[in-house]
Amino acid sequence: MHQHSSLSRLNEKLSRVSQNLRKSATLPPQCYADESIIEVELARLFDQSWISVGRTDRWTSSGSYSTLNIGTTPIIIIRNNDNDLKAFANSCRHRGSTLLQGDGDCKKIRCPFHCWTYDLNGKLIFTPRMECDENFQHSDYPLIEFRLDTSDGFLFINMDGSAPDLTSWLGDFSKTMLPWDMRSLASTRVREFDVDCNWKTFIEVFNEYYHLPYVHPSSLNWLYPEPDGTDDVEGNFTSQFGETNGNAGLLPEDQNHALPSAPQLKGRELNGTRYTWVYPNLTFATAPDTMWMYETFPIAANKTRIIQTICFPKQSVEADDFETKAQHYYNRFDEALAEDIPFLEQQQKGLSSKYAQQGQFSVLEPSVANFAYWYANKVKDLI
Ligand code: FES
Ligand SMILES: [Fe+2]
């Protein structure tokens, strides 16, 4: 861990991140490169916040599960026989093996090591050759369960149980997203991949318009004229609306493949896109006809597991030509990623230099600055 003097230097740097964008420093490069910072972020920030772990429609029926790691904590998300979602530590109560891998469907959760078996509520129900000990009770060994809650179709987990209830944590979030009727969206593609960058920079670039002319000159840049400022909101998120040229979910040359807009939208919402970052690890954009989102899970300071989910209004998904048209949207999202990722990897190399220093935000990075201010306050109090 840091010595006292370097910690106080870091705190001093964090205090240069200001609520006033026009005089705010960026986060100190160490926050993106030091493994000791990742430890602080995981132990305090990821444990204590509500962490986004997917859209609730990812798990379609009883026994449908997926696994993920939040830092070094392996987790199972599974739908039980009452159709409720559950989150368990993916650690066997016998001698600790992980229980499930990847995603799939199961009737019971059976440990591959010595066959201890749990039901979909995490109750231990079968243990071979343990009958010799009369004090041994299955009820003493359930899976460790985490707190889960949902908002607007998103599933959130709070591992240490200390976060305020999800509604107060999110504040104005549901109100801000109301026009898009987020719960009615259907997920049509989920993809996981790793990027050699910090978990924060991946979300930052998604939430700023500053890089568009330089990183996406012939793809996205035309779509996005200068946006509104960020909304003035309460809660652990930042959000920014901007009108678009045509449809932001499609490349300029694919504009004639648009799916219909969600029927309830009106006014400027029909002609723009809202970019939102729910702290710490969820970001998404809502256009009139699609929603695309990314969740980031740190693997190391310079490596991040990304989960991408793409959603459409239910009416669109049910239409005959949906698959053909959706392909054009998927191409647009993949192309934007392919353009961003080399820059994120270059940024990571520069940030990792011992000579890297804090910079200053531009007026086109207000959501990034809002996050930096939130983060600086969280981390300053904790280290
Ligand atoms: S570690 Fe799971 S049954 Fe032994
Ligand atoms: Fe980008």
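All values reported here derive from a predicted model rather than from experimental measurement.

**A word on the overall build of the chain**
The number of helices and strands found in the chain is ten helices and 16 strands. The C-alpha atoms of the chain give a radius of gyration of 22 Å, which matches the 21 Å a tight globule of 383 residues would have. Once the C-alpha set of the chain is aligned to its principal axes, its extents read approximately 70 × 65 × 35 Å. Taken across its 383 residues, the chain has 38% of its residues classed as buried.

**So, helix H9 (residues 322–351)**
With 30 residues, H9 extends 42 Å from end C-alpha to end C-alpha; this agrees with the ideal 44 Å at 1.5 Å per step. Remark: the principal bend of H9, roughly 25°, maps to Asp340, with a proline, Pro342, within the next four residues. All of the buried residues in H9 are Ala326, Tyr329, Arg332, Asp340, Gln348 and Leu351. Considering only its buried residues, H9 is in contact with helix H2 (30–33), strand E11 (185–195), helix H6 (199–206), helix H7 (212–215) and strand E16 (303–313).

**Considering the sheet that holds strand E15 (residues 291–300)**
Strand order across the open sheet formed by six strands is E11-E16-E15-E14-E13-E12, with antiparallel pairing between neighbours. Looking at the sheet topology across the chains shown, the edges are occupied by E11 and strand E12 (237–243). Pairwise comparison of adjacent strand axes, ignoring direction, gives a mean angle of 15° for this sheet. In this sheet, strand E13 (residues 272–278) lies alongside E12 in antiparallel orientation, the contact comprising seven bridges. Each bridged residue has a counterpart across the sheet, and for Glu243 the counterpart in E13 is Gly272.

**Topic: the nonpolar core**
Ranked by internal contacts, the top residues of the largest apolar core, which has 84 residues, are Ile76 and Ile77. No other element matches the six residues that helix H10 (residues 366–382) contributes to this core. Not counting the four nearest positions on each side in its chain, Ile76 is found in contact with Tyr65, Thr67, Phe88, Asn90, Leu99 and Leu100.

**Notes on the sheet that holds strand E2 (residues 64–70)**
Pairing is antiparallel in the open sheet, where seven strands are placed in the order E1-E10-E9-E4-E3-E2-E5. Of all the strands in the sheet, the pair left with one neighbour each is strand E1 (51–55) and strand E5 (103–105). Within this sheet the neighbouring strands show an average axis-to-axis angle of 30°, counted without direction. Sheet topology note: the E1/strand E10 (residues 154–158) ladder contains three bridges and is antiparallel. The residue of E10 that forms the bridge with Ile51 is Ile157.

**A look at the packing of H6 against H9**
In a packed pair of helices, the relevant descriptors are the angle between the two axes and the axis-to-axis distance. Packing of H6 against H9 brings their axes to within 10 Å, and their N-to-C directions diverge by 135°. The angle between the axes of H6 and H9 places the two elements in the oblique class. Between H6 and H9 lies a crossing of right-handed hand. On the side of H6, the interface is formed by Thr201, Phe202 and Val205, while H9 contributes Asp340, Leu344, Gln347 and Gln348. Residue composition of the contact of H6 with H9, grouped by class: three nonpolar, three polar and one charged.

**What to know about H6**
When you tally the buried positions in H6, you get eight out of eight residues, the bulk of the element. Along H6, the residues classified as buried are Trp199, Lys200, Thr201, Phe202, Ile203, Glu204, Val205 and Phe206.

**Description of the domain arrangement of the chain**
When cut into domains, the chain gives domain 1 (4–50 + 166–382) and domain 2 (58–158). Using C-alpha coordinates to define each centre, domain 1 is positioned 31 Å away from domain 2. The interface of domain 1 with domain 2 comprises 16 residues on the first partner and twelve residues on the second. Breaking the side of domain 1 that touches domain 2 down by element, the ones donating at least two residues are helix H3 (35–48), helix H4 (166–170), helix H5 (173–177), E11 and E15. Residue composition of the side of domain 1 that touches domain 2, grouped by class: 13 nonpolar, two polar and one charged.

Calculation criteria
- Residues numbered from 1 in each chain as written.
- Chains lettered and ligands numbered in written order.
- Predicted model: local features only at pLDDT ≥ 70, side-chain atom pairs only at ≥ 80, totals over all residues.
- Helix = DSSP H or I, 4+ residues; strand = E, 2+ residues; numbered from the N terminus.
- Rg over C-alpha atoms; globule rule 2.2 N^0.38 Å.
- Buried ≥ 20, exposed ≤ 12 C-beta atoms within 10 Å, placed from the backbone.
- Expected span 1.5 Å × (residues − 1).
- Bend = angle between axes of the 7 residues up to and from the residue.
- Contact = placed C-beta atoms within 7 Å.
- Pairing = 2+ DSSP bridges.
- Axes fitted to C-alpha atoms, helices over the stretch in contact; angles between N-to-C directions.
- Core = buried A, V, L, I, M, F, W, Y, C linked by C-beta atoms within 7 Å.
- Parallel < 35°, antiparallel > 145°, perpendicular 65-115°, else oblique.
- Left-handed = near helix turned anticlockwise from the far one by under 90°.
- Nonpolar A, V, L, I, M, F, W, Y, C, P; charged D, E, K, R; others polar.
- Domains from an automatic or database assignment.

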